[in-house]
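Geometric and topological summary
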Amino acid sequence: MNQVLLPDQPVKCPPMRPGLLNRTLMDETSLATDTCLPTGIDGVSQLAELAIDLRSTWKHDGDTIWRGLDEELWEATNNPWVVLQTISRCRLSDKLADPDFRGRLDALTEARREYLGEKTWFQKEHADSVLTCAAYFSMEFMLSEALPIYSGGLGNVAGDQLKAASDLGVPVVGVGLLYQQGYFRQSIAADGTQLEYYPFNDPAQLPIAPLRDEDGEWVRIKLAMPDGPLWLRAWQVQAGRVRLVLLDSNDGANLPAHRGITSELYGGGPEMRLKQEIVLGIGGWRLLTAMGIQPDVCHLNEGHAAFAVLERACEYMARTGQSFESAMAITRAGNIFTTHTAVPAGFDRFAPSMIEHFLGRFAVEELGIPVQKLLAMGQDPGDPTGDFNMASLAIQGSGAVNGVSRLHGEVSRHLFASKFPRWPINEIPVGHVTNGVHMPSWDSSEADALWTEACGKDRWRDPSGALSHQMRSISDERLWQFRTSSTHSMIEYARTRLSRELAGSGASSESVEATRHLFDPNVLTLGFARRFATYKRPNLLLHDRQRLLDMLNNPERPVQLVIAGKAHPADLVGQTLIRNWIDFIRDSGGRTHVIFLSDYDMKLAQRLVQGVDVWINTPRRPWEASGTSGMKVLVNGGLNLSELDGWWAEAYQPEFGWAIGDGAEHGDDPAWDAAEANELYEVLENEVIPLFYERDERGIPTGWLAKMRNSMSSLTPQYSAIRSVRQYTQEFYLPAAQRYHERAAMDGQRGAEIVHWRDSLRQKWDSLVIGETQVATDEQGHHFSVDVFLDGVDPRAVQVQMYAASDSSQESGCHAMTIDKSCSPGISTYTYRVIVSTMRPASDYTARIVPVHPGVAIPLELNLVRWQQ
Ligand SMILES: *Cc1c(COP(=O)(O)O)cnc(C)c1O
């Protein structure tokens with residue numbers, strides 16, 4: 001297996017295994033071994049320590065340092081690590097000898113050390129908890145544009161959660177892949193064609209460091225693939241207090257076919273995807289083991305990493321000698337699956353033959369189970385293809401499942417209902433934690449200043465979000481000045497960026513020159529930027545071109561619009577939608593009121609959300625599981641106009657912004673699209689534009705500002721990753737860690753018990769019989785009684801309940817019944833009784849039998865239910 005010695009004792013994270021991870025990423029030794037930075041200049045390791053820590057992406061006070069070293073390179077890359085790698089020894093010595101520069105550097109170093117040393121929310125609130133480490137697995141992480149290992153929303157959630165975990169001190173370690181090329185980079189040809197580039201990410205230029213063991217040897221993990229061993233190199237990334245470890249297959253010892261496995265994100269076919277998911281799930285868990293980390297909690301951010309649950313069980317078997325069944329029963333209590341998909345087509349599925357080919361040996365030799373059994377863990381009873389579904393594996397291997405908004409939780413309960421046959425929809429075991437974004441990563445410096453004025457420095461970490469209400473005391477003048485200057489900064493950025501893009505695509509010097517004067521900071525600015533996927537309907541605004549044009553060109557109340565977004569290289573329809581916009585811009589007389597900025601990435605997203613007045617989002621409900629870009633405008637005073645889908649379906653109130661849609665689903669009906677396009681124009685024409693241009697004697701739109709204040713103060717704390725990570729910690733990580741440790745205690749005896757309980761119930765379930773319900777009603781309530789034949793099953797292994805389904809006016813009701821004491825033991829037929837209030841008629845109730853076992857999640861871990869016929 002892997003080549004690193006396992007330590008004798010599991011080590012908590014953080015701090016992790018001394019020597020391996022406990023030292024700072026950039027001490028003198030790493031400087032000498034892992035970088036070409038000059039050694040022997042006092043202060044270089046300080047700079048390196050700051051440059052490698054992605055905390056710089058949310059603490060912008062270091063920017064002046066990097067700008068001071070190489071302004072042009074800094075502006076182009078926003079990558080302190082590249083700046084530091086590039087600068088000459090001579091200039092570095094000069095700079096470090098400059099007392100002013102040195103003073104700022106010392107202050108930053110001090111501030112960072114203070115941050116790392118301060119007592120965090122987790123230490124204060126959960127000092128004694130059993131949670132020592134949650135491993136967070138994700139196919140992508142969006143932490144910085146300098147580390148391009150992300151594509152979009154999923155990576156955004158992952159990156160922002162790591163950053164919030166750092167702020168809160170939640171012991172999380174991220175696990176992901178280091179892509180040599182990552183997701184494609186985009187430019188747009190003059191005719192609107194999307195051009196795709198895959199520049200190579202030189203690891204030396206990325207803010208990452210090789211992960212070395214205590215002897216200084218680079219940690220490598222070995223996986224057995226059908227065509228030979230696959231070596232994976234390990235890297236580490238620092239984001240404040242949190243580490244992210246990354247695996248990459250570009251190891252010299254690998255077969256050529258293996259070296260490119262971690263080349264592209266979401267590239268290649270199903271086989272490539274399967275290999276990547278094996279590397280992430282199995283390789284990722286092995287890496288943690290090699291590092292001496294035994295996480296209590298394994299958090300699967302989407303089903304891609306679901307193989308981790310198998311490797312976790314495998315490692316547990318090796319350590320304790322338990323069977324696969326027991327090991328799964330024990331470890332799954334500590335696994336959490338977050339699903340991000342709102343349509344069945346969104347789940348990764350693999351042909352059974354492919355699973356057999358790549359994982360057959362793993363099943364038999366490592367897990368000790370036939371491959372059929374492994375396949376069954378990912379197959380859906382209702383799916384005739386027999387395909388292996390990663391979400392099914394994740395559900396089978398987890399102790400809790402959640403969606404990413406209230407609506408998405410509901411949608412997911414329907415998507416997964418077939419796995420829990422005969423269970424009422426509201427009992428399908430999928431909860432929700434609505435996503436949040438890491439506000440300090442998305443706020444502008446103007447917004448940071450404004451919030452600091454109103455609410456103080458540490459506002460995001462305030463648990464209640466109460467501080468945000470102080471935002472309401474900001475004066476109209478100050479708020480309006482903030483808004484216009486934010487738009488102004490964004491426009492400056494857009495002009496520079498567009499002129500660079502146009503020059504790059506060979507445009508005439510006149511049109512390059514013209515970009516310098518584009519847009520007006522006093523005009524209402526709309527933003528629309530996201531992946532160009534059909535369900536997001538990025539051309540809904542183009543439904544009636546003339547109407548849009550009239551709106552944009554209205555001389556009294558003009559509007560300007562910024563568009564950005566990539567379409568997946570294989571998504572030709574999405575690429576056509578981009579072309580439609582480029583055509584519109586050209587046909588409508590150029591870029592006076594609409595521009596398309598190419599290569600939508602984290603940096604561009606930041607600049608847009610910081611400067612637009614209104615952020616538009618038009619997905620087909622309910623396909624946008626959550627959506628996060630709209631949350632990023634909150635802190636910056638932007639307002640949302642969105643379909644009632646994802647997070648907006650629960651956040652929207654008229655005082656916060658605008659909504660389209662009727663809160664129902666209409667599939668991809670073109671007539672409905674047309675109706676919604678019409679509604680979108682109407683909201684813009686009749687509500688948004690008039691409100692923006694309705695000014696008082698000071699020239700200030702007070703109605704607009706009122707909405708801004710409401711949205712900023714009420715929604716910002718609610719849709720912050722600080723809230724979501726606290727919620728994950730309290731509602732998921734802590735109980736999961738607790739349950740895992742309970743099951744693992746006493747040499748895993750609980751695991752064997754659970755397996756025995758489950759197997760015996762499965763065997764007997766069909767022979768259980770529920771007799772007729774007797775009911776008598778008096779002033780105490782309905783007295784229900786029912787005879788139940790348990791066929792030798794221990795009555796403690798089940799619960800008999802009277803159940804009433806929810807209807808339009810009432811919640812469902814479920815009342816546990818107890819065995820009448822007069823029953824003689826041993827006869828296997830018991831009389832169960834319960835008294836229920838007469839709020840509902842007795843005829844609403846049906847008797848049922850469900851499994852029970854202490855600490856076991858029903859129906860997630862055992863989906864049996866027996867209803868009275
Ligand atoms: C926030 C973000 C996303 C996600 O945006 P949605 O509107 O939720 O799809 C995608 N890409 C980038 C670059 C982002 O910053």
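Note that the structure is predicted; figures quoted are calculated from it, not measured. (Residues numbered from 1 in each chain as written. Predicted model: local features only at pLDDT ≥ 70, side-chain atom pairs only at ≥ 80, totals over all residues. Heavy atoms only, no water.)

Per the counting criterion, the structure on display carries 8 cavities of 30 Å³ or more. When its volume is computed, the largest cavity comes out at roughly 160 Å³. Residue lining of the largest cavity: Leu-50, Asp-53, Arg-55, Ser-56, Lys-59, Asp-61, Gly-62, Asp-63, Trp-66, Leu-108, Ala-111 and Arg-112, and that is the complete set. Per element, the largest residue contribution to the lining of the largest cavity is 3 residues, and it comes from helix H7 (residues 99-117). Looking at the lining of the largest cavity, its residues break down into 4 nonpolar, 2 polar and 6 charged. Of the pockets and cavities examined, the second largest cavity occupies roughly 70 Å³. In this structure, the second largest cavity is lined by Trp-285, Thr-289, Ile-293, Gln-294, Pro-295, Arg-312, Glu-315, Tyr-316, Arg-319, Thr-331 and Tyr-740. Elements supplying a minimum of two residues to the lining of the second largest cavity: helix H11 (270-290) and helix H12 (307-320). No other element matches H12, which puts 4 residues into the lining of the second largest cavity. Taken together, the residues of the lining of the second largest cavity break down into 5 nonpolar, 3 polar and 3 charged. (1 Å grid on protein atoms, 1.4 Å probe; cavity = no way out; pocket = protein on both sides within 12 Å on 5 of 7 lines; lining within 4 Å. Points joined across faces, edges and corners; volume = space filled by probe spheres on them. Helix = DSSP H or I, 4+ residues; strand = E, 2+ residues; numbered from the N terminus. Nonpolar A, V, L, I, M, F, W, Y, C, P; charged D, E, K, R; others polar.)

Strand direction decides the pairing type here: strand E3 (residues 185-188) and strand E4 (residues 194-197), joined by 4 bridges, are antiparallel. From the neighbouring strand, Ile-188 faces E4, where its bridge partner is Gln-194. The antiparallel pairing of E3 with E4 creates a hairpin that spans 5 residues between the two strands, and Gly-192 there sits at a positive phi of about 95 degrees. (Pairing = 2+ DSSP bridges.)

For the protein, the domain assignment lists domain 1 (133-354 + 391-435 + 729-743), domain 2 (443-719) and domain 3 (768-867). Counting from both sides, the interface comprises 36 residues of domain 1 and, opposite them, 36 residues of domain 2. Carbon and sulfur atoms make up 55% of the area that domain 1 and domain 2 hide from each other, which totals about 2,800 Å². Considering only the side of domain 1, the residues that lose the most area to domain 2 are Glu-145, Gln-186 and Leu-407, jointly responsible for 19% of the buried surface there. Connecting domain 1 to domain 2 are 1 salt bridge. Inspection of the region where domain 1 meets domain 2 yields 12 residue pairs in polar contact (both at pLDDT 80 or more). Where the side of domain 1 that touches domain 2 is concerned, the elements lending two or more residues are helix H9 (153-168), E3, E4 and helix H17 (406-415). A per-element tally of the side of domain 1 that touches domain 2 places H9 first, with 5 residues. (Domains from an automatic or database assignment. Contact = heavy atoms within 4.5 Å. Buried area = accessible area lost by both parts, 1.4 Å probe. Salt bridge = Lys/Arg side-chain N within 4 Å of Asp/Glu carboxyl O. Polar contact = N/O pair within 3.5 Å; in protein donor to acceptor, adjacent residues only side chain to side chain.)

Contacts to the ligand come from 15 residues, most closely from Lys-536, Ala-605, Thr-628, Ser-629 and Lys-632. The contact in question runs from an oxygen atom of the ligand to an N or O atom on the backbone of Thr-628, over 2.6 Å. One nitrogen or oxygen atom from the side chain of Ser-629 is found 2.4 Å from an oxygen atom belonging to the ligand. For the ligand, whose accessible area on its own is 390 Å², the fraction buried by protein is 97%. Elements with a contribution of two residues or more to the shell around the ligand: H9, helix H24 (602-611) and helix H25 (629-634). When the residues that make up the shell around the ligand are grouped by side-chain class, the tally is 5 nonpolar, 6 polar and 4 charged. (Near = heavy atom within 4 Å. Areas by Shrake-Rupley, 256 points an atom, 1.4 Å probe, with all protein chains shown as cover.)

Under the defined criterion, the tally for this structure stands at 49 salt bridges. Here Arg-361 ties to Glu-365 by a salt bridge, and the two come within 3.6 Å at their closest N and O atoms. Within this pair, Arg-361 and its partner Glu-365 are both found in helix H14 (residues 352-367), separated by 4 residues, close to a single helical turn. With its nearest N and O atoms 3.9 Å apart, the salt bridge here joins Arg-758 to Asp-759. Asp-759 gets classed as partly exposed once you look at its relative accessible area, which sits at 37%. (Buried < 20%, exposed > 50% of the residue type's maximum accessible area, 1.4 Å probe, protein only.)

Moving on, we get to the environment of Val-430. Structurally, Val-430 is set in the loop between H17 and strand E14 (431-432). By relative accessible area, Val-430 is classed as buried at 5%. Sequence separation between Val-430 and Ala-744 is 314 residues, and the spatial gap between their C-alpha atoms is 25 Å.

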